[in-house]
Amino acid sequence: MTRSDMTTIKVPKALRDRLSALADEHGRGTTLADALTRLLDEHEATQVRRRMAFEEILTASQADPEAVAKGTRMAARAIEYLQRRKSLHSPEATT
């Protein structure tokens, strides 16, 4: 990476120090950019795993008609509750 590809970001000194300590954990020569890249890679991998787990649960639940019916009932009750709550707290309800 050339110098023209680099930029400066402003972070609090305490955060800079934490990032520096994280970089040091990975050995001599590890830069803050390396530490940030590692953190972002880990975050993205976690997000992918969460999404896959959600999709697996969703697929399994959609394959179960009883679970679909229960979910539909729960959603309908939640909508009714929120609509009642909204109407109780609307300006028209208090006049």
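Residues numbered from 1 in each chain as written. Predicted model: local features only at pLDDT ≥ 70, side-chain atom pairs only at ≥ 80, totals over all residues. Heavy atoms only, no water.

## Quick look at the environment of Arg73
Relative to the assigned elements, Arg73 resides in helix H3 (residues 65–88). Judged by its relative accessible area of 47%, Arg73 is partly exposed. C-alpha of Arg73 to C-alpha of Ile9: the two residues are 64 residues apart in sequence and 50 Å apart in space. (Helix = DSSP H or I, 4+ residues; strand = E, 2+ residues; numbered from the N terminus. Buried < 20%, exposed > 50% of the residue type's maximum accessible area, 1.4 Å probe, protein only.)

## Regarding the packing of helix H1 (residues 13–25) against helix H2 (residues 32–62)
Two elements in contact, H1 and H2, have axes separated by 8 Å at closest approach and are oriented at 85°. Here H1 is positioned roughly perpendicular relative to H2, judged by the angle of their axes. Note on element contacts: H2 touches H1 through Leu32, Ala35, Leu36 and Leu39, opposite Arg16, Leu19, Ser20, Leu22 and Ala23. Grouping the amino acids of the contact of H1 with H2 by side-chain chemistry returns 7 nonpolar, 1 polar and 1 charged. (Axes fitted to C-alpha atoms, helices over the stretch in contact; angles between N-to-C directions. Parallel < 35°, antiparallel > 145°, perpendicular 65-115°, else oblique. Contact = heavy atoms within 4.5 Å. Nonpolar A, V, L, I, M, F, W, Y, C, P; charged D, E, K, R; others polar.)

## Some details on the pattern of salt bridges
Between side chains of opposite charge, pairing is possible as soon as their charged atoms come close. Applying the stated criterion across every chain yields a total of 2 salt bridges. Across the salt bridge formed by Asp17 and Arg16, the nearest N and O atoms sit 3.0 Å from each other. A residue is classified by how much of its surface remains accessible, and Asp17, at 41% relative accessible area, is partly exposed. The exposure class of Arg16 is partly exposed, given its relative accessible area of 38%. (Salt bridge = Lys/Arg side-chain N within 4 Å of Asp/Glu carboxyl O.)

## Here we look at the confidence of the model for the chain
Averaged over all residues, the pLDDT of the chain is 90; the fraction at 70 or higher stands at 96%. In the model of the chain, helix H4 (residues 91–94) stands out as the element of lowest mean pLDDT, 65, in contrast to H2, which has the highest, 94. (pLDDT = per-residue confidence, 0-100.)

## Concerning a nonpolar patch on the surface
On the surface, a nonpolar cluster with roughly 370 Å² of combined accessible area is contributed by Ile9, Val11, Leu15, Leu36 and Leu39. Looking at the secondary structure, you find Ile9 in the segment before H1. (Patch = residues over 30% accessible without salt bridge, like charges linked within 9 Å, V, L, I, M, F, W, Y side chains within 5 Å. Areas by Shrake-Rupley, 256 points an atom, 1.4 Å probe, with all protein chains shown as cover.)

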